[in-house]
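Take a look at the letters that make up each chain.
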Amino acid sequence: MPNVITEITPLSDKDCFYITERNKQCFDYPLHHHKEYEINFVSRGRGARRIVGDSIEEIGELDLVLVGPDLEHVWEQHECNSSDIYEITLHFAGDIFSRQLLSRTQLAPLKTLLEEARLGVCFDVHTILTAYSRIERLLKEESGFHRFIHFLELLHHLATSGGHRVLASSSFAKLSDSAESRRGQQVAAVIDAHYAEAISLARLAALAS
């Protein structure tokens with residue numbers, strides 16, 4: 001099994017997202033993961049092999065994928081003969097959408113998409129083509145506020161397009177929003193805040209129900 005590197009993305013704590021575009025001659029970045037969500041668009045990459053968790057697929061001329069936090073992924077050269085690959089990568093932090101915000105009715109599709117992204121999500125050609133104009137608009141916009149609006153519009157479009165599928169099997173989901181996970185987070189938070197004190201097992205058990 002190849003080593004998985006931990007990538008430190010260019011996204012700063014002061015920004016909602018970071019987007020970059022590049023032309024390259026080959027796929028040479030190693031298998032990696034990072035704490036941010038990633039939207040990755042690839043053009044002229046036919047024959048490359050995309051690995052997301054335990055999903056391994058050969059991509060076509062266009063590829064668009066949303067990868068969740070800590071999910072290992074890579075695009076490998078494989079059978080790709082192109083020397084003019086075009087790629088756009090967008091990273092964003094999950095904490096810009098609080099649990100309370102995602103619980104609102106209007107954001108239900110986005111909540112579902114972000115949950116599915118824990119296993120990686122790929123989009124069909126029709127969705128890619130309609131999403132690309134939004135990605136272009138995001139790249140060209142200079143106003144920070146309007147860039148954020150375009151970013152939200154892109155996520156909404158991907159969440160409501162209906163043209164996507166989950167990639168990896170459930171064993172590769174690194175995050176959980178379940179009640180069990182939230183109870184575990186509460187216990188960890190108490191231990192972290194009161195580690196210098198005597199903490200009873202009964203107290204922690206009560207938190208975990």
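Here, every reference points to the structure presented above.
Model, not experiment: these values are computed from the prediction.

A.B. asks: Whenever I open this one, unusual backbone geometry confuses me. Can you help?
C.D. replies: Glycine aside, residues mostly have negative phi, and peptide bonds are mostly found in the trans state. Even without being a glycine, arginine 44 presents a positive backbone phi close to 60 degrees. As for its placement among the helices and strands, arginine 44 is situated in the loop between β4 (37-43) and β5 (49-52). The phi dihedral of histidine 78 falls on the positive side, at around 50 degrees, and the residue is not glycine. The residue histidine 78 is located in the loop between β8 (73-76) and β9 (85-92) in this model.

A.B. asks: How do you make sense of the packing of aromatic side chains when you look at a structure like this?
C.D. replies: Given two aromatic rings, one states the distance between the centres and the angle between the planes to describe the pair. On inspection of all chains with the given rule, the structure shows 6 aromatic pairs. Centroid distance phenylalanine 17 to phenylalanine 151: 4.8 Å. Interplanar angle 25 degrees. Geometry classified as stacked. Residue phenylalanine 17 is located in strand β2 (residues 17-24), and its partner phenylalanine 151 is located in helix α4 (residues 144-160); the two are separated by 134 residues in the primary sequence. Each of the two residues, phenylalanine 17 as well as phenylalanine 151, counts as buried. Consider the rings of tyrosine 37 and phenylalanine 92, whose centres lie 5.0 Å apart with planes at 5 degrees: the pair is stacked. Of this pair, tyrosine 37 sits in strand β4 while phenylalanine 92 is found in strand β9, placing the two residues 55 residues apart along the sequence. One aromatic cluster is present, formed by Phe17, Tyr37, Phe92, Phe148 and Phe151 through successive ring pairs.

A.B. asks: Would you explain α4 in this entry?
C.D. replies: Side chains of residues three or four places apart in an α-helix project in the same direction, reflecting 3.6 residues per turn. End to end, α4 covers 24 Å across 17 residues, agreeing with the expected 24 Å (1.5 Å per residue, within 8%). By the burial criterion, the buried members of α4 are His150, Phe151, Leu154, Leu155, His157, Leu158 and Ala159. The first or second residue beyond α4 is glycine 162, which carries a positive phi of 80 degrees.

A.B. asks: Would you take a moment to explain the packing of helix α3 (residues 125-140) against α4 for this structure?
C.D. replies: Helix-helix packing is characterised by the crossing angle of the two axes and by the distance between the axes. Two numbers describe how α3 lies on α4: the axes approach to 9 Å, and their chain directions differ by 170 degrees. Considering their axes alone, α3 and α4 lie roughly antiparallel with respect to each other. Where α3 abuts α4, its residues Thr127, Thr130, Ala131, Arg134, Ile135, Arg137, Leu138 and Leu139 lie against Arg147, His150, Phe151, Glu153, Leu154, His157 and Leu158. Here the contact of α3 with α4 is composed, by residue class, of 7 nonpolar, 4 polar and 4 charged.

A.B. asks: Honestly, the side chain of aspartate 63 in this entry has me stumped. Any pointers?
C.D. replies: Summarising the element assignment, aspartate 63 is placed in strand β7 (residues 62-67). By relative accessible area, which is 4% here, aspartate 63 ends up buried. In this structure the side chain of aspartate 63 is engaged in a polar contact, spanning 3.0 Å, whose partner is the side chain of tryptophan 75. If we ignore the near neighbours within four places in the chain, the residues touching aspartate 63 are Asn40, Phe41, Val42, Arg50, Trp75 and Ile128.

Thresholds, definitions, all that
- Residues numbered from 1 in each chain as written.
- Predicted model: local features only at pLDDT ≥ 70, side-chain atom pairs only at ≥ 80, totals over all residues.
- Heavy atoms only, no water.
- Helix = DSSP H or I, 4+ residues; strand = E, 2+ residues; numbered from the N terminus.
- Phe/Tyr/Trp six-rings, centres within 6.5 Å; stacked < 30°, edge-to-face > 60°.
- Buried < 20%, exposed > 50% of the residue type's maximum accessible area, 1.4 Å probe, protein only.
- Expected span 1.5 Å × (residues − 1).
- Axes fitted to C-alpha atoms, helices over the stretch in contact; angles between N-to-C directions.
- Parallel < 35°, antiparallel > 145°, perpendicular 65-115°, else oblique.
- Contact = heavy atoms within 4.5 Å.
- Nonpolar A, V, L, I, M, F, W, Y, C, P; charged D, E, K, R; others polar.
- Polar contact = N/O pair within 3.5 Å; in protein donor to acceptor, adjacent residues only side chain to side chain.

Nothing here speaks to function; it is all geometry.
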